[in-house]
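# An overview of the molecular structure
Single-letter residue listing:
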Amino acid sequence: PLSLAANGYVVLMIDHEDGSAPIMGKHDGSFLYHNLDPSKLYADGKENESVRRRRSQTKHRVSELLYAAQSLLNLNEKNIPQLQSHGISFVNKLGVIDGVTFMGHSFGGASALSAAAKRPDLTFCVIAHEPAVDWMTDDARRALFPEKKFVGTRNSYTGGTGGYEEESEEIGDAEKRREEYLRRSSSVSTSSSLANRSTLHDVDMLFLYSDQWAKQGWGGSKLVECLHQRGELGPESGASDYGVIAEACHIEFSDTAMLTPAWLGRATNNLGKRNPHDTAQEIASRTLVFLDGVKKRNVQKEPCDY
């Protein structure tokens, strides 16, 4: 996120109230502490129940992400009295006229993808750094890995750990999302191509995995790679991409890797052979290249006024 901010992007980071953070200060001065239940269930061999708890947390995170996204879009379209009284306005200054970018690593990647699947009409693109795909909501996993995209391949997806719990979304719900986006796009100057964003694969997506996860096929990496190779990842002729960071481990997508002594990180199998600062630079560079590609694609698709 800091690399994006340093390159001129408006970045909003959220403290989630789902109990996944080590500790979080609340507005009333109290603290919300880490919920150990999912980890305890997993340690007790109750993997299915543990994953269901994680998916429940993801649902909570999605509601927070979408509320924040809508707030940014609203601030970009119309000022509020609290800001106006101080002579401050963010109207047309937040760079979100074409939607917001959801980005996250691991649990955050699952949350970002789930939010985009829920409201593709609000989404500019998605950046998923080694997402915990198994923790995505049911509707998001269905949206990412629909059966039709694997026809003719040896790959298939049946819902991950424990399968699907909820019924698939009604077609009418997707149509409602499309109608809402059309309403919003008619009120502001947006690209006409964005009006077609009614499913997750209408959105450009970047998936980056560590060498550690890719070799194991974790985080849905093999399925995402298959979709990418077949040209089935994201919109047709879009900027969606899949990549692997060589000789890297899962934790190297986090600044924790740069704060941990290298000898300790390697002794605990949390660091690869590379300098974690070099790894972080590659992750940031590939992410920025993707964002630049998405922006260029959308500029090229904007209709002419003549």
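Our subject in this report is the structure included herewith. (Residues numbered from 1 in each chain as written. Predicted model: local features only at pLDDT ≥ 70, side-chain atom pairs only at ≥ 80, totals over all residues. Heavy atoms only, no water.)

## Let's talk about the overall build of the protein chain
Our working rule: Put simply, DSSP marks the helices as runs of H or I at least four residues long and the strands as runs of E at least two long, and each gets a number from the N terminus on. For the exposure calls, accessible area comes from a 1.4 Å probe over protein chains only, and a residue counts as buried if that area is under 20% of its type's maximum, exposed if over 50%, partly exposed in between. Whether two residues are in contact is decided by their heavy atoms: any pair within 4.5 Å suffices. For accessible areas, the Shrake-Rupley method is used with a probe of radius 1.4 Å. Any residue's cover is judged against the shown protein chains and nothing else.
Secondary structure assignment for the protein chain yields 12 helices and six strands. Residues classed as buried in the protein chain amount to 44% of the 306 residues present. Taking the intrachain contacts of the protein chain between residues at least 6 apart in sequence as the baseline, contacts between residues at least 24 apart amount to 67%. In the structure as shown, the protein chain presents an accessible area of about 16,500 Å², 51% of it carried by carbon and sulfur atoms.

## A word on the nonpolar core
For clarity, the threshold we go by: Take the buried Ala, Val, Leu, Ile, Met, Phe, Trp, Tyr and Cys residues and link them wherever side-chain atoms come within 4.5 Å; each set so joined is a nonpolar core.
If you look at the biggest cluster of nonpolar residues, it comprises 40 residues, and the most contacted ones within it are Phe102, Leu144, Phe145, Met205 and Phe207. Of all the secondary-structure elements, those providing two or more residues to this core are helix 3 (47-77), strand 3 (100-105), helix 5 (107-118), strand 4 (123-129), helix 6 (138-144), strand 5 (204-210), helix 8 (211-216) and helix 9 (221-229). The contacts of phenylalanine 102, once residues within four sequence positions are left out, are Leu65, Leu66, Ala69, Ala112, Ala115, Ala116, Thr123, Cys125, Val126 and Ile127. Core analysis: the second largest hydrophobic core is formed by 14 residues, Leu206, Leu208, Ala248 and Val294 among them.

## A short note on helix 5
Spelled out, the test is: To estimate the expected span of a helix, subtract one from its residue number and multiply by 1.5 Å.
Here helix 5 is 12 residues long and its end C-alpha atoms lie 16 Å apart, about the 16 Å a rise of 1.5 Å per residue gives. Counting buried residues along helix 5, 11 of its 12 residues qualify, which places the element largely inside the surrounding structure. Of the residues making up helix 5, those classed as buried are Phe107, Gly108, Gly109, Ala110, Ser111, Ala112, Leu113, Ser114, Ala115, Ala116 and Ala117.

## Side note on the sheet that holds strand 5
Using the following cut-off: Note on pairing: DSSP must find at least two bridges between two strands before they are called paired. Axis lines are fitted through C-alpha atoms, for helices just across the contact stretch, and the angle between N-to-C directions can take any value from 0 to 180 degrees.
As summarised here, the arrangement of the four strands in space is 3-4-5-6, forming an open sheet in which the pairing is parallel. Whereas interior strands pair on both sides, the edge strands pair on one side only; in this sheet they are strand 3 and strand 6 (241-245). Going from strand to strand, the sheet's axes swing by 10 degrees on average, the running direction of each strand aside. Judged from the six bridges that link them, strand 3 and strand 4 form a sheet pairing that is parallel. Its bridge partner being in strand 4, phenylalanine 102 is matched across the sheet by valine 126. Along the sheet, helix 5 makes contact with strand 3, strand 4 and strand 5, crossing strand 3 at roughly 150 degrees.

## What about the side chain of arginine 55?
Applied cut-off: Residues adjacent in sequence count toward polar contacts only when both atoms are side-chain atoms; beyond that, a polar contact is any pair of N or O atoms within 3.5 Å, and within protein one must be able to donate a hydrogen and the other to accept it.
With respect to the element layout, arginine 55 can be found in helix 3. Owing to a relative accessible area of 4%, arginine 55 belongs among the buried residues under this scheme. Within polar-contact distance, the side chain of arginine 55 engages the backbone oxygen of glycine 163 at 3.4 Å. Leaving out residues up to four positions away in the same chain, arginine 55 has contacts with Asp134, Trp135, Met136, Thr137, Asp138, Arg141, Gly159, Gly160, Thr161 and Gly163.

## With respect to the packing of aromatic side chains
For clarity, the threshold we go by: In summary, the pairing rule links any two rings of Phe, Tyr or Trp, Trp by its six-membered ring, whose centres are within 6.5 Å, and it sorts them by plane angle into stacked for under 30 degrees, edge-to-face for over 60 and tilted for everything else. Cation placement over rings: the criterion is NZ of Lys or CZ of Arg within 6 Å of the ring centroid and within 35° of the ring normal.
A complete count under the given rule lists eight aromatic pairs for this structure. Three or more aromatic residues link up through ring pairs in this structure, and these residues are Phe145, Phe150, Tyr157 and Tyr164. Above the face of the tryptophan 135 ring, arginine 54 is positioned so that its terminal group lies 4.8 Å from the ring centre. Above the ring of phenylalanine 107, the side-chain terminus of arginine 61 is found at 3.9 Å from the ring centroid.

## Considerations on the pattern of salt bridges
Pairs may arise between side chains of opposite charge once their charged atoms sit close together. Put simply, the test is: By salt bridge we mean one thing: a side-chain nitrogen of Lys or Arg within 4 Å of a carboxyl oxygen of Asp or Glu.
In total, this model carries 13 salt bridges according to the counting rule given. The salt bridge involving aspartate 37 is made with arginine 53; its shortest N-O contact spans 3.7 Å. Linking aspartate 37 in helix 2 (residues 37-43) with arginine 53 in helix 3, this pair joins segments that are 16 residues apart in sequence. Between glutamate 232 and lysine 149 there is a salt bridge, and its shortest N-O distance comes to 3.0 Å. Of this pair, glutamate 232 sits in the loop between helix 9 and strand 6 while lysine 149 sits in the loop between helix 6 and helix 7 (171-187); the two residues are 83 residues apart in sequence, bridging distant segments of the chain. Under the relative-accessibility criterion, lysine 149 is labelled buried at 10%. Residues joined by salt bridges that share partners form a network here, namely Asp37, Glu49 and Arg53.

## Quick word on the packing of helix 3 against helix 5
The test is simple: For classification purposes, angles smaller than 35 degrees are called roughly parallel, those larger than 145 roughly antiparallel, those between 65 and 115 roughly perpendicular, and all remaining angles oblique. Note on convention: the crossing is left-handed when the near helix lies turned anticlockwise from the far helix by less than a right angle, right-handed when the turn is clockwise. Here the nonpolar group is Ala, Val, Leu, Ile, Met, Phe, Trp, Tyr, Cys and Pro; Asp, Glu, Lys and Arg are the charged ones; every other residue, Gly included, is treated as polar.
Interaxial distance between helix 3 and helix 5 falls to 9 Å at its minimum, and their mutual angle equals 60 degrees. With respect to helix 5, the element helix 3 is oriented oblique. Like other packed secondary-structure pairs, helix 3 and helix 5 cross with a definite hand, here right-handed. Here Arg54, Gln57, Thr58, Arg61, Val62, Leu65 and Leu66 of helix 3 come into contact with helix 5, specifically with Phe107, Gly108, Ala110, Ser111, Ala112, Ser114, Ala115 and Lys118. Residues that form the contact of helix 3 with helix 5 fall into these classes: seven nonpolar, five polar and three charged.

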